[in-house]
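Residues per chain, in single letters:
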Amino acid sequence: IRKILLRGLSTSPSDRFASMTELLAALSHDPAVRRRRWLAAATGVAFVAAGAAGAHRFTVGQHAMCAGGPSRAATAWGPEQRKAIEHAFLTSGNKDAGRAFASAAALFDQYLARWTGMYTEACEATQVRGEQSAEVLDLRMGCLGERLSSVKALGDVFTAANTGIVDNAVSAASALPTLDRCADIAMLRAVIKPPDDPAKRARVAALRDEVAKVNALATAGQCDSARTVGATTLDAAKATGYRPLEAEASFALGRLADSCLDPPKGIEYLEEAVLSAEAAHHDEVTIGASIYFATLYSDRLRDPHLSRYWARHAEAILARFQGHPILEAWLSVARSASLDAEGRDEEALVEDRRALALKEAALGRSNLDTVNSMLNVEVRLHELGRDAESVLLGQQVIELTTRLAGANSGRAALAFADQSESLTALHRFAPARAAIEKALTIWKGSDAGPFYVGYALLDLGRLNLAEDHPQAARANLEESVALLGSSDTRTTAEAKFALARALWYSPRDRSRAKLLAREARDAPIPGAAGTRRIAAIDAWVQSRPSDKPAR
């Protein structure tokens with residue numbers, strides 16, 4: 001103001017304001033007001049900047065809170081576990097130990113990479129994005145914790161590896177439980193919540209680790225241990241009164257009917273699993289047990305009606321949930337088995353191919369479960385008489401199996417045996433013999449049971465018959481029938497019928513040949529498969545003149 005007044009009082013007119021308007025304008029231009037305005041603006045900018053910095057620090061903190069997936073995963077599969085398992089494999093005496101470890105380790109790496117991604121996504125959905133409740137986060141983290149227990153349990157089995165465990169290692173790693181359920185909120189919410197009592201809750205968690213151990217032992221081929229641990233775990237699970245756990249423990253034992261348990265006993269456990277799962281709304285177990293039922297009734301018990309019922313039961317429940325391609329694939333495998341038992345081979349092939357497509361999309365080709373479905377398609381093509389296609393697919397199966405599990409593995413033996421059947425049908429006898437002898441050598445030199453050796457000898461006997469070597473065929477088939485026993489009615493009937501054809505070359509053995517043919521005809525094989533078997537045996541018997549040794 002002083003400066004303005006002095007200018008207005010200046011003696012020189014040119015130094016004064018030109019008009020009163022300019023004087024008033026100068027008086028209205030207060031520097032203090034201007035400073036206050038700049039200070040207010042600067043304060044606002046600083047506040048916004050501070051808020052942004054605070055929000056950034058908050059977001060970074062929330063992301064950091066969700067960054068614990070890799071460290072948790074490392075508790076089940078870290079450098080120490082990897083080193084211990086590799087040492088156990090390489091000192092097991094299995095010729096394919098190096099290959100098996102590399103493939104199993106790669107499967108563990110892939111599984112835990114997906115696990116870690118899902119862990120981070122589940123955490124951030126609640127803690128960062130706020131689009132998921134804390135309750136759902138608890139459910140998802142509980143599911144992921146169970147999956148991690150499965151990895152740890154299988155890793156523990158691998159650290160005590162023998163030749164049998166190594167031989168089954170890739171199959172076991174491929175059979176780790178799917179992660180789909182951990183993202184399916186509807187399926188997670190349907191299950192009865194864990195017990196409120198902390199001690200009981202901890203007991204349930206500990207027993208779930210034991211259930212994971214049963215599954216790991218079973219997939220690694222350790223049947224005796226799986227049965228023992230499974231029975232103890234089921235008793236303990238029932239004592240808790242927590243139905244979801246009862247369902248899981250019963251299902252773990254019921255799955256042993258595939259190779260470690262008599263089918264009737266397996267059915268008892270599977271029934272318990274379904275009833276407990278239904279009571280607990282544990283749909284994953286209900287679907288899985290129903291699929292196992294369908295396969296068991298078709299493959300082992302040859303009951304098409306019950307097989308179809310359980311496949312439809314699984315299908316009805318799975319229809320409520322989307323985004324489970326592996327369960328869909330397993331359901332297609334069960335449907336195929338049901339159709340096979342009914343003699344509907346073309347429809348069974350459609351289901352086999354659907355299962356293969358689903359697995360290949362979800363798992364890729366370098367997964368033994370995918371290769372299993374390739375093998376199913378190969379076998380189905382052979383049964384339909386499309387052996388040229390079967391051989392081409394079989395070559396891919398052999399290449400993938402030997403790359404994943406090793407050329408001397410039990411899985412490779414199965415691939416060689418199935419390839420030999422198609423080659424024999426095409427009268428490509430030299431490669432057929434090389435394939436079946438390779439399978440027989442593997443199974444005889446490993447811990448394979450008598451069924452597998454008996455099956456290989458059946459294929460070798462049929463090859464010798466096709467080459468007009470009845471004496472060699474007879475020796476193979478006599479041993480095959482003895483080894484097969486009553487383990488599989490259908491396969492034993494095939495071996496008896498093949499032996500009857502080999503014995504017919506010797507006139508003095510024709511009475512026994514007719515008896516064996518009759519036993520094969522009377523074997524309880526229901527459905528269209530049994531009808532075809534009866535028709536083939538009847539046609540052979542009717543064409544056997546009694547005066548000359550003909551096939």
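Residues numbered from 1 in each chain as written. Predicted model: local features only at pLDDT ≥ 70, side-chain atom pairs only at ≥ 80, totals over all residues. Heavy atoms only, no water.

K.L.:
Any chance you could break down the overall build of the protein chain for me, citing the residues and the numbers?
P.N.:
Of the regular secondary structure elements, the protein chain holds 26 helices and zero strands. Considering the protein chain as a whole, with its 551 residues, one finds that 47% of them fall into the buried category. A separation threshold of at least 6 residues defines the contact pool for the protein chain, and within that pool the share at least 24 residues apart is 66%. Here the protein chain has roughly 26000 Å² of accessible surface; of this, 56% comes from carbon and sulfur atoms. (Helix = DSSP H or I, 4+ residues; strand = E, 2+ residues; numbered from the N terminus. Buried < 20%, exposed > 50% of the residue type's maximum accessible area, 1.4 Å probe, protein only. Contact = heavy atoms within 4.5 Å. Areas by Shrake-Rupley, 256 points an atom, 1.4 Å probe, with all protein chains shown as cover.)

K.L.:
Mind laying out the pattern of salt bridges, listing which residues take part and the relevant values?
P.N.:
The full count for this structure, using the stated rule, is 41 salt bridges. The salt bridge involving Glu389 is made with Arg386; its shortest N-O contact spans 2.8 Å. (Salt bridge = Lys/Arg side-chain N within 4 Å of Asp/Glu carboxyl O.)

K.L.:
Please provide a residue-by-residue account of the packing of aromatic side chains, values included.
P.N.:
Scanning all chains against the criterion turns up 14 aromatic pairs. Here Phe108 and Phe158 contribute two aromatic rings whose centre-to-centre distance is 5.9 Å and whose plane-to-plane angle is 20 degrees, an arrangement assigned as stacked. Taken together, the positions of Phe108 in helix H6 (residues 97-127) and Phe158 in helix H7 (residues 134-158) put the pair 50 residues apart, joining distant regions of the chain. We note that Phe108, like Phe158, is buried. Taking 5.8 Å as the distance between ring centres and 15 degrees as the angle between the ring planes, the aromatic pair formed by Phe293 and Tyr297 counts as stacked. Note that Phe293 and Tyr297 are positioned in helix H14 (residues 283-299) at a spacing of four residues, about one turn of the helix. Taken individually, Phe293 and Tyr297 each receive the classification buried, so the pair is uniform in this respect. Taken together through their ring pairs, the aromatic side chains of Trp77, Phe89, Phe101, Phe108 and Phe158 make up a single cluster. Over the ring of Phe497 we find Arg501; its NZ or CZ atom is 4.6 Å from the centre of that ring. (Phe/Tyr/Trp six-rings, centres within 6.5 Å; stacked < 30°, edge-to-face > 60°. Lys NZ or Arg CZ within 6 Å of the ring centre and 35° of its normal.)

K.L.:
Kindly report on the side chain of Asn94, identifying the contributing residues and their values.
P.N.:
The topology assignment puts Asn94 in the loop between helix H5 (79-90) and H6. A polar contact of 2.8 Å, which involves the side chain of Asn94, links it to the backbone nitrogen of Asp96. There is a polar contact of 3.0 Å between the side chain of Asn94 and the backbone oxygen of Thr163. (Polar contact = N/O pair within 3.5 Å; in protein donor to acceptor, adjacent residues only side chain to side chain.)

K.L.:
Pulling in residues and values, what's your account of unusual backbone geometry?
P.N.:
Backbone geometry places His281, a non-glycine residue, at a positive phi of 60 degrees. Its identity as a non-glycine residue notwithstanding, Asp468 has a phi of 65 degrees, on the positive side. On the secondary structure map, Asp468 appears in the loop between helix H22 (450-466) and helix H23 (470-484). Under the relative-accessibility criterion, Asp468 is labelled partly exposed at 45%.

K.L.:
How would you sum up the confidence of the model for the protein chain? Please name residues and give values.
P.N.:
In the predicted model, the protein chain carries a mean pLDDT of 87, and the fraction of residues at 70 or more is 86%. Mean pLDDT values over the elements of the protein chain span from 52, in helix H3 (residues 31-65), up to 96, in helix H12 (residues 243-254). Throughout residues 55-59 the model reports pLDDT below 50, and contacts reaching past four residues in sequence, or to other chains, amount to zero contacts. (pLDDT = per-residue confidence, 0-100.)

K.L.:
So what about the state of the cysteines? Which residues, and what values?
P.N.:
For the coordinates displayed, the defined rule picks out three disulfides. Two residues, Cys66 and Cys123, share a disulfide whose sulfurs are 2.0 Å apart. The chirality of the disulfide connecting Cys66 with Cys123 is left-handed, given an S-S dihedral of about -70 degrees. Note that Cys66 is positioned in the loop between H3 and helix H4 (69-74) and Cys123 in helix H6, a separation of 57 residues in sequence. Exposure remark for Cys66: the relative accessible area of 1% places this residue in the buried category. Taking the relative accessible area as the measure of exposure, Cys123 reaches 6% and is therefore buried. Across a sulfur-sulfur distance of 2.0 Å, Cys223 and Cys260 are joined as a disulfide pair. (Disulfide = S-S within 2.5 Å.)

K.L.:
So what's going on with helix H24 (residues 489-503)? Residues and values would help.
P.N.:
The terminal C-alpha atoms of H24 lie 21 Å apart, and with 15 residues this matches the ideal 21 Å at 1.5 Å per residue to within 8%. By the criterion of burial, H24 is predominantly enclosed, with twelve of the 15 residues buried. (Expected span 1.5 Å × (residues − 1).)

K.L.:
Explain helix H21 (residues 429-444) residue by residue, including any values.
P.N.:
Helix length check: H21 (16 residues) gives 22 Å between terminal C-alpha atoms against 22 Å at 1.5 Å per residue, within 8%. Against the buried residues of H21 lie helix H20 (410-425) and H22.

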